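Below are the chains, spelled out letter by letter.
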Amino acid sequence: MKPLITSASDIEAADPEIAGCYRKWWLKKIAKLPEPPKESSTFGDVIHAVCERYLLADENGNRNGVPVELYPEGWERPVNRFTGEPSKESVGLEEQALIKALISKAISEGVLMRVAGRQIEKRISKFPILEGVLLNGFIDLLEPGAIRDHKSTKDMKWAKSAKRNAKESLYNNDQLMVYGYWYYVEGGYDKTKPLTFSHQYFVKSQDNPHVEKREVQVTWAEVEAFHRGRLAPVMEMMLVYRDAAKLEDIPLPRDVAASCRKFGGCPFTRICTEQETVNEYRKRVEAQLAGKDNTNYTQLAEGLPGGEKKMATNPMMEKIKAMQAAKRGESAPETAKEQFKALTAEKQPATEEQKPTAPVSDPSRLVMVSNKPRAPWHHAKCKSCIDNDVLGMNSKGTLPCKICDMFTKKDGGKTSDDYKWKAGEGTLTVTDKETCAVVMSNGVSEPVTAKEVIAPVVEPVKAQELLDAPTPKPVVKAEEPKAEPVKAPVAEQEAPEPSAETVFEDLEVTTEREKFSLLIGCAVIESKVRGGGKLGSPSCRVTAEELLILVETEMSRIMGVPGWAKLNSFERREAVTLYSKPIAELLGASTLTVARLPRASLLEAVVMGIRPYAGQVIQALAE
């Protein structure tokens, strides 16, 4: 078998312990996809080159008998170590001054030191780090007993910690441990002696130029244990996934959100979320790298792939079967074939046996069947609030159901806007705005348990019959006499029955958390999720790509299986349709921006499913 050539940066990119992703590694190193232009690394490259020139000189500052020139002509352009060609990019005058200040501080403060026996840019070539794996790489500075790496950063908050138990620690740094393993095994370093790991930081700040050396000491036992327990398993999986025939054969990372947002966002997100094929991505990025206009992206695939739709038999599909059966009020089909027929079969006219034995248009019957209070704007076809304590209200009983309002408005009935209502602890009072009459004043009772039901008042009605029933007219539920008065707190017993006027004066709406905003066909704004914004907060902005990543994570969590990637497009759309409400709640009060909404796509299914739960929807008009 041909050996796998890897590097420390490749291992870091794939390591799931630090939000790595085997898919990203495969697309970059095996599929060899280009990456789009990103923030220039010229500053760090130039700093490295200056440090190298300083360290290559002898203790007297000479090189080849001549004083070393740290800033020779053209020093502001980094040079490719393999080709020797200078870069087209260069640092500006302000950055040149900053680099000189940082190098001066590093020398004077002992961050840069010419230690005897040092090796600069020590090259590692095809080191057999694992059976079937060869390692290539460069060590910035190798001293006797120390491995040092030059790092440029905008802020020391991104620096690795010298504390052993820190999350981002020098003690568990993949790159340093890889080089440490090479030094002990191939480099001939004495395994009885400790080894120093060091990061030498140069902070890119005009206001406060700062240099700092952070270092720790490790033993051979620690390095070997890290290699065996952390590095080797990663490389073994790289060997497995190297031979993957397609991207879908490689699982998603352990923490999808963290991996896809790492280092400002993965460039391959659009591929993993099926918004772009590999070929479409390659053409788009190559055009960007060539300097062409990249505002008009390649047309994304519209519609489902051709051919016969097949439903995989896997644990996730079993979950979907159970959900669909619960929605229909029946047992799940036994086979995938029956499941597919259940999903795609057209509705046939109901036979005499299938028709309801009694109409459900009578609102009193609806209330009796559900054993729940019913707001006057409730619509019988609404599926959203059918399991709530009060029909026509949200799950907390604090706000009207927007789906009911939507159906009722469509049928020309009165919506919650036509009423004034007050939702309190255990009560709901509704007053008609036109007549000022109290049309509802009910206690929110707990659902009736099996022990409390002595005999059914009416014949049980299936849930589907309730959903298909016509909209009943709002009525005032008459208060029925009770055999024994229910004991209540003294304050409530003494309180007089509220009149229409007092209710009008005291009505206050109990609010719940804000709902998300949905922008369709608008320009994609820079995502604050990638910048560290808290998902669910009003200041957080989410793009379509991030939405699909969140959906995949949430669906895998809800369904309890990691098989989401194995489902075809038809099955995924069915799943997200069934779970639109939890997906909407996941967004909280964030703003979701969808620039394009391809027809019959998974994105369209997600957006159309969560749209009724949005606080506001803004959609651009077609040109």
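Residues numbered from 1 in each chain as written. Predicted model: local features only at pLDDT ≥ 70, side-chain atom pairs only at ≥ 80, totals over all residues. Heavy atoms only, no water.

Bringing the overall build of the protein into the picture now. The helix and strand inventory of the protein stands at 20 helices and 15 strands. Burial status across the protein gives 40% buried among its 623 residues. Pairs at least 24 residues apart make up 67% of the contacts formed inside the protein by residues separated by at least 6 positions. Summed over its atoms, the accessible surface of the protein is roughly 35300 Å², and 51% of this surface lies on carbon and sulfur atoms. (Helix = DSSP H or I, 4+ residues; strand = E, 2+ residues; numbered from the N terminus. Buried < 20%, exposed > 50% of the residue type's maximum accessible area, 1.4 Å probe, protein only. Contact = heavy atoms within 4.5 Å. Areas by Shrake-Rupley, 256 points an atom, 1.4 Å probe, with all protein chains shown as cover.)

Along the polypeptide, Asp-432 turns up in strand 10 (residues 427–432). Exposure remark for Asp-432: the relative accessible area of 6% places this residue in the buried category. One polar contact links Asp-432 to Lys-414, side chain to side chain, over a distance of 2.8 Å. (Polar contact = N/O pair within 3.5 Å; in protein donor to acceptor, adjacent residues only side chain to side chain.)

For the rest of this paragraph, the subject is the pairing of strand 7 (residues 195–203). Along strand 7, nine of the nine residues are buried, which leaves the element largely enclosed by surrounding structure. With burial as the criterion, each face of strand 7 is covered, one bearing Leu-195, Phe-197, His-199, Tyr-201 and Val-203 and the other bearing Thr-196, Ser-198, Gln-200 and Phe-202. Inspection of the sheet shows strand 6 (residues 146–153) paired to strand 7 by eight bridges, in the parallel sense. Paired with Thr-153 across the strands is Val-203, a residue of strand 7. Since strand 6 and strand 7 lie parallel, the crossover through helix 5 (residues 174–185) that links them has a hand, and here it is right-handed. (Pairing = 2+ DSSP bridges. Right-handed = clockwise from strand over helix to strand, strands pointing away.)

Time to look at the pairing of strand 6. Burial of strand 6 is extensive: six of the eight residues sit out of reach of the surface. Pairing analysis gives three bridges linking strand 5 (residues 133–143) to strand 6, with the strands arranged antiparallel. Paired with Leu-141 across the bridge in strand 6 is Arg-148. Remark: two residues form the turn of the hairpin made by strand 5 and strand 6, two consecutive strands paired antiparallel; Gly-145 in that turn has positive phi of roughly 85°.

Before going further, it helps to spend a moment on the pattern of salt bridges. Pairs can form between side chains of opposite charge once their charged atoms are near each other. In this structure the tally under the stated criterion is 21 salt bridges. One salt bridge in this structure joins Arg-230 and Asp-174, with 3.4 Å as the shortest N-O distance. Here the residue Arg-230 occupies a position in helix 6 (residues 220–242), and Asp-174 occupies one in helix 5, the gap between them amounting to 56 residues. Across the pair Asp-249 and Lys-246 runs a salt bridge, and its minimum N-O distance is 3.2 Å. You can call Asp-249 partly exposed: its relative accessible area is 39%. On the accessibility criterion, Lys-246 (43% relative accessible area) is partly exposed. It is possible to trace a salt-bridge network through shared partners that takes in Asp-15, Asp-174 and Arg-230. (Salt bridge = Lys/Arg side-chain N within 4 Å of Asp/Glu carboxyl O.)

Along the polypeptide, Lys-414 turns up in the loop between helix 13 (402–410) and strand 9 (419–423). When neighbours within four sequence positions are excluded, Lys-414 is seen to be in contact with Trp-377, Thr-408, Tyr-419, Asp-432 and Glu-434.

For helix 4 (residues 93–108), with 16 residues, the first-to-last C-alpha span of 23 Å sits near the 22 Å given by 1.5 Å per residue. Those residues of helix 4 not exposed but buried are Gln-96, Leu-98, Ile-99, Leu-102, Ile-103 and Ala-106. One side of helix 4 holds all its buried residues, which, seen down the axis, span an arc of 160°. Exposed side of helix 4, more than 90 degrees from the buried face: Leu-93, Glu-94 and Ser-108 are the residues found there. Contact partners of the buried residues in helix 4: helix 3 (42–56), strand 7 and strand 8 (210–218). Of the residues one or two after helix 4, Gly-110 is the one with positive phi, at around 80°. (Expected span 1.5 Å × (residues − 1). Arc of directions from axis to C-beta.)

A complete count under the given rule lists eleven aromatic pairs for this structure. Ring geometry for Phe-82 against Phe-138: centres 6.0 Å apart, planes inclined by 70°, an arrangement best described as edge-to-face. Of this pair, Phe-82 sits in the loop between strand 3 (66–67) and helix 4 while Phe-138 sits in strand 5, placing them 56 residues apart in sequence. For Phe-82, a relative accessible area of 59% corresponds to the exposed category. On the numbers, 6.1 Å between centres and 15° between planes, the contact of Trp-182 with Tyr-183 is stacked. Feature note: the residues Phe-127, Tyr-181, Trp-182, Tyr-183, Tyr-184, Tyr-189 and Trp-220 constitute an aromatic cluster, connected by ring pairs. Here the guanidinium or amino end of Lys-100 rests over the ring plane of Tyr-71, the centre of that ring lying 5.3 Å away. Taking NZ or CZ as reference, Arg-164 lies 3.9 Å from the ring centre of Tyr-171, over its face. (Phe/Tyr/Trp six-rings, centres within 6.5 Å; stacked < 30°, edge-to-face > 60°. Lys NZ or Arg CZ within 6 Å of the ring centre and 35° of its normal.)

Turning our eyes to something else, we now look at the packing of helix 19 (residues 580–587) against helix 20 (residues 602–610). Running from N to C, helix 19 and helix 20 cross one another at 80°; their axes reach a closest spacing of 8 Å. Accordingly, the angle class assigned to the pair helix 19 and helix 20 is roughly perpendicular. Packed against helix 19, whose contacting residues are Ser-580, Ile-583, Ala-584 and Leu-587, the element helix 20 presents Val-606, Gly-609 and Ile-610 at the interface. Considered class by class, the residues forming the contact of helix 19 with helix 20 number five nonpolar, two polar and no charged. (Axes fitted to C-alpha atoms, helices over the stretch in contact; angles between N-to-C directions. Parallel < 35°, antiparallel > 145°, perpendicular 65-115°, else oblique. Nonpolar A, V, L, I, M, F, W, Y, C, P; charged D, E, K, R; others polar.)

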